[in-house]
Amino acid sequence: MQSLQEQIKAYEQDINSFTPADAKELEDYRIKYLGTKGIVKQIFGEMKNVPVEQKKEAGQVLNAFKQLAEAKYEEFKHLQNGALEKGPAVDITMPGTQLPLGTRHPLRMVENQIVSIFEKIGFSVATGPEIEDDWHNFTSLNMPEHHPARDMQDTFYVSQNPDWVLRTHTSSVQARIMEQGKLPVRVLCPGRVYRNETISARAHCFFHQCEGLYIDKGVSFADLKQALYYFVTEMFGPDTKVRFRPSYFPFTEPSAEMDISCTVCGGSGCNLCKHTGWVEILGCGMVHPNMLRNFGIDPEVYTGYAFGMGIERITQIKYQVNDLRLYSQNDVRFLKQFQSI
Ligand code: DAH
């Protein structure tokens with residue numbers, strides 16, 4: 001004799017594999033399982049033979065079985081009245097409902113463009129933490145405590161630990177890469193950075209940068225210029241001109257800022273270039289020997305170049321976005337405009 005549980009198991013299998021081909025089969029199913037003399041009733045009738053101490057458990061099993069049998073019937077009930085014979089009730093040839101698709105954020109798209117341009121000349125991508133310590137964000141970059149260059153960047157400090165800051169630039173990732181001591185290095189470090197600025201169209205308390213670092217034997221300023229010139233022609237087109245202006249950064253010597261000819265007016269003067277014909281896009285230079293020494297790299301043997309650019313700035317120039325706040329407001333009308341780039 002099959003035990004009650006085994007019987008139920010067999011019925012469950014039968015129910016699970018059942019799909020009615022027409023309304024008659026569904027009605028037969030109903031009579032077989034759910035009818036007044038059906039299997040569900042019959043099985044419930046067996047409860048009287050179950051010993052008292054097992055009644056609770058058996059009750060749960062029976063209820064679950066009943067629900068399964070009813071659910072199968074409910075699943076197909078609406079297909080009665082001949083609908084089953086006519087095939088599925090859903091017309092699969094109808095066009096589906098359009099679901100709104102999200103788009104990539106413009107800053108991420110531009111970051112991807114920057115990365116893929118530099119990947120072609122051998123750069124790989126490195127990332128680092130956004131909560132940084134003083135050593136990686138400042139001191140190792142030739143900016144000791146009380147160095148006036150620290151004032152160039154208004155810093156958010158982390159209250160739990162006076163040594164921690166929200167990184168003010170992606171140059172901190174350069175430091176972490178040099179620390180690993182694997183030479184030569186050729187990396188690109190994109191990421192979010194933070195500065196204590198009042199939010200306006202031209203400044204934000206967080207923005208994005210992309211750092212580049214190349215250290216090897218015999219790297220020269222000419223290599224830096226050529227790499228950046230290549231980047232600019234890929235990013236802004238072959239007619240774009242570049243110029244380097246001497247500048248100061250504690251972690252590079254010599255240092256420069258690079259401008260490109262204005263992409264809006266082509267150099268004749270407009271609001272973007274403040275009627276100068278040029279727009280600044282990045283800072284760069286040869287890695288300072290002190291910085292190399294900080295990481296045990298011999299500046300007599302190795303030289304390197306570094307550069308850092310703002311991703312918002314590149315996006316602003318390329319797509320004429322004039323208000324930095326747009327990037328973080330999540331206005332779909334703004335974000336959608338970049339769908340096809
Ligand atoms: N860290 C600089 C800043 O945030 C940008 C920069 C300038 C990065 C020159 C560099 C560099 O790597 O060489 O303003």
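Computed from a predicted model, the values in this text were never measured in an experiment.

**Q** Help me get a handle on the site of the ligand, residues and values and all.
**A** Inspection of the region around the ligand gives 16 residues, with Ser 171, Gln 174, Arg 195, Gln 209 and Glu 211 positioned closest. Within the side chain of Ser 171, a nitrogen or oxygen atom sits 3.0 Å from a nitrogen atom of the ligand. Measuring from an oxygen atom of the ligand, one finds a backbone N or O atom of Ala 306 at 3.2 Å. Grouping the amino acids of the shell around the ligand by side-chain chemistry returns five nonpolar, nine polar and two charged.

**Q** Requested: an account of the sheet that holds strand β8 (residues 278–287), with residues and values cited.
**A** Across the sheet, which stays open at both edges, the seven strands sit in the order β1-β4-β5-β9-β8-β7-β6 with mixed pairing between neighbours. The sheet terminates laterally at β1 (124–125) and β6 (242–249), the two strands that pair on one side only. With respect to the sheet, helix α7 (residues 171–180) is in contact with β4 (185–194), β5 (206–216), β8 and β9 (303–310), its orientation differing from that of β5 by roughly 35 degrees.

**Q** Talk me through the nonpolar core; I want residue IDs and the actual numbers.
**A** In terms of nonpolar packing, the biggest core is built from 45 residues, with Ile 114, Phe 118, Phe 231, Ile 281, Tyr 305, Phe 307 and Met 309 touching the most fellow members. The set of elements that each furnish at least two residues to this core consists of α5 (106–119), β5, α8 (221–236), β7 (252–261), β8, β9, α10 (311–319) and α12 (332–336). Ranked by the residues each element gives to this core, the list is headed by α8, at eight residues. Judged by nonpolar contacts, the second largest core, of 23 residues, contains Ala 175, Val 187, Ile 215 and Tyr 302.

**Q** Mind laying out α10, listing which residues take part and the relevant values?
**A** For α10, every residue scored as buried is listed here: Ile 311, Glu 312, Ile 314, Thr 315, Gln 316 and Ile 317. Positive phi appears at Gln 320, one or two residues downstream of α10, with a value of about 50 degrees.

**Q** With reference to specific residues and values, describe the domain arrangement of the protein chain.
**A** What the domain assignment lists for the protein chain is domain 1 (2–84) and domain 2 (106–338). Taking the mean C-alpha position of each, domain 1 and domain 2 sit 69 Å from one another.

**Q** Outline the state of the cysteines, supporting the account with residue identities and numerical values.
**A** Applying the stated criterion across every chain yields a total of zero disulfides. As a non-bridged cysteine, Cys 265 has Cys 273 as the owner of its nearest cysteine sulfur, 3.7 Å distant.

**Q** Account for the pairing of β8, naming residues and giving values.
**A** Judged by how many residues are buried, β8 sits mostly within the fold: eight of 10 residues are covered. Bridge analysis of β7 against β8 gives eight bridges, and the strand direction is antiparallel. Looking at β8, one finds that Glu 257 is bridged to Gly 283. Strand direction decides the pairing type here: β8 and β9, joined by five bridges, are antiparallel. Of the residues in β9, the one forming a bridge with Gly 283 is Gly 308.

Rules of the game
Residues numbered from 1 in each chain as written. Predicted model: local features only at pLDDT ≥ 70, side-chain atom pairs only at ≥ 80, totals over all residues. Heavy atoms only, no water. Near = heavy atom within 4 Å. Polar contact = N/O pair within 3.5 Å; in protein donor to acceptor, adjacent residues only side chain to side chain. Nonpolar A, V, L, I, M, F, W, Y, C, P; charged D, E, K, R; others polar. Pairing = 2+ DSSP bridges. Helix = DSSP H or I, 4+ residues; strand = E, 2+ residues; numbered from the N terminus. Contact = heavy atoms within 4.5 Å. Axes fitted to C-alpha atoms, helices over the stretch in contact; angles between N-to-C directions. Core = buried A, V, L, I, M, F, W, Y, C linked by side-chain atoms within 4.5 Å. Buried < 20%, exposed > 50% of the residue type's maximum accessible area, 1.4 Å probe, protein only. Domains from an automatic or database assignment. Disulfide = S-S within 2.5 Å.

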